[in-house]
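# Fold and geometry: a report
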Amino acid sequence: MTAKDPAPSLIQQRLALGRLRLTALFMMIGWGAVAALRGAGGLDVAEVVDWIAFLLPLALALYGVKLWFDYRRKVRAFEAAHGPDAGKQP
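The following paragraphs examine the structure supplied in this document. (Residues numbered from 1 in each chain as written. Predicted model: local features only at pLDDT ≥ 70, side-chain atom pairs only at ≥ 80, totals over all residues. Heavy atoms only, no water.)

This part takes up the environment of L37. Inspection of the secondary structure assignment puts L37 in helix 1 (residues 10–40). Take L37: its relative accessible area is 64%, and that puts it in the exposed class. Considering only alpha carbons, one finds L37 and F54, 17 residues apart in sequence, at a separation of 8.7 Å. (Helix = DSSP H or I, 4+ residues; strand = E, 2+ residues; numbered from the N terminus. Buried < 20%, exposed > 50% of the residue type's maximum accessible area, 1.4 Å probe, protein only.)

Now for the packing of helix 1 against helix 2 (residues 48–82). Packing of helix 1 against helix 2 leaves a shortest axis separation of 7 Å and a crossing angle of 155°. Here helix 1 lies roughly antiparallel to helix 2, going by the angle between them. Of the two possible hands of crossing, helix 1 and helix 2 adopt the one that is left-handed. A class-by-class count of the residues in the contact of helix 1 with helix 2 yields 23 nonpolar, six polar and seven charged. (Axes fitted to C-alpha atoms, helices over the stretch in contact; angles between N-to-C directions. Parallel < 35°, antiparallel > 145°, perpendicular 65-115°, else oblique. Left-handed = near helix turned anticlockwise from the far one by under 90°. Nonpolar A, V, L, I, M, F, W, Y, C, P; charged D, E, K, R; others polar.)

Okay, the nonpolar core next. Core analysis: the largest hydrophobic core is formed by nine residues, namely L17, L20, A24, M27, L67, Y71, V75, F78 and A86. Looking at this core, the elements with two or more residues in it are helix 1 and helix 2. With near-sequence residues (within four places) excluded, L20 lies in contact with L67, D70, Y71 and K74. (Core = buried A, V, L, I, M, F, W, Y, C linked by side-chain atoms within 4.5 Å. Contact = heavy atoms within 4.5 Å.)

So this is what it looks like as structure tokens:
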């Protein structure tokens, strides 16, 4: 029997959205704090390592912002397709 895998349930889809939300928040807050601390500590213009240690966490924090917008877009699409309380457990 070659049946296709069934689509995840609404609860599983809502949980996946929650994981995306938490990943985005942790990346924005965590890496943003690291970048802020590196920037506040002062950057030596001539030291490439200082700039890498500042720009890499900053880029990861900005990626967290992108994930946050992806999360919001997916939640809107999910709720438009299934209703605002779809997949929520009491």
